[in-house]
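Commentary on secondary and tertiary structure
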Amino acid sequence: MADEIRLDKYLWAVRIFKTRSDAAEAIRSNRVTVNGTGAKPSREVHPGDRIGVRKERVNYSYEVIDLVSSRQSAKNVPLYCRDTTPQEELDKLHAPRETIFLFRDRGTGRPTKKERRELDGLMEEMTLDGE
């Protein structure tokens, strides 16, 4: 057990992220909060801290139980970190994704450059609305 540990290292050690650099990138991208505020990868973590992590469309919540500096096996993670994610957030993982079927008349050929831009814009709007 360590006396103090960096946030990025802790998130990696309790298997929230696969690599420490993934954890640091998520923190720098403002997808990780500690006690409701943004943080830097070098922020110190303490027992009792609440960590929020946004992955895809789900906002995960964790509570720091104890500090650990080396990567843990999955069965040991509950000794150091408690998952407090609400069920409605977890349900977003299994929510059906909307699909768009665009009909084109037979023989009209491939979309023009203008039509392709419109399609790409529509798809981008849908993914932004889904988050």
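Shown above is the structure to which this text applies.
Attention in this report is confined to the structure presented alongside it. (Residues numbered from 1 in each chain as written. Predicted model: local features only at pLDDT ≥ 70, side-chain atom pairs only at ≥ 80, totals over all residues. Heavy atoms only, no water.)

1. What about the overall build of the protein chain?
A count of helices and strands for the protein chain gives four helices and seven strands. Written out in order from the N terminus, the α and β elements of the protein chain read β-α-α-β-β-β-β-β-β-α-α. Burial analysis of the protein chain (131 residues in total) assigns 27% to the buried set. For the protein chain, restricting intrachain contacts to residue pairs at least 6 apart in sequence, the fraction spanning at least 24 positions comes to 47%. Of the roughly 9,400 Å² of accessible surface on the protein chain, 49% is carried by carbon and sulfur atoms. (Helix = DSSP H or I, 4+ residues; strand = E, 2+ residues; numbered from the N terminus. Buried < 20%, exposed > 50% of the residue type's maximum accessible area, 1.4 Å probe, protein only. Contact = heavy atoms within 4.5 Å. Areas by Shrake-Rupley, 256 points an atom, 1.4 Å probe, with all protein chains shown as cover.)

2. So, unusual backbone geometry
Of note, Asn30 is a non-glycine position whose phi angle comes to about 60°, a positive value. With respect to the helices, strands and loops of the structure, Asn30 is situated in the loop between helix H2 (20-28) and strand E2 (32-34). Phi is positive for Asn35, close to 55°, though the residue is something other than glycine. Positionally, Asn35 belongs in the loop between E2 and strand E3 (37-38). Residue classification places Asn35 among the partly exposed positions, given a relative accessible area of 41%.

3. As for the sheet that holds E2
Sheets are built from strands paired through backbone hydrogen bonds, the pairs being either parallel or antiparallel. Spatially, five strands are ordered E3-E2-E5-E6-E7 in an open sheet, and the strand pairing comes out antiparallel. Every other strand in the sheet has two partners, leaving E3 and strand E7 (81-83) as the edge strands with one partner each. In the sheet, E2 pairs with E3 via two bridges, with the strands oriented antiparallel. Looking at the pairing, Thr33 lines up with Gly38 of E3. (Pairing = 2+ DSSP bridges.)

4. Quick word on the pairing of strand E5 (residues 50-55)
Bridge analysis of E2 against E5 gives three bridges, and the strand direction is antiparallel. In the strand pairing of E5, Thr33 is matched with Gly52. Bridging between E5 and strand E6 (residues 58-64) involves six bridges; their strand directions are antiparallel. Its bridge partner being in E6, Lys55 is matched across the sheet by Val58.

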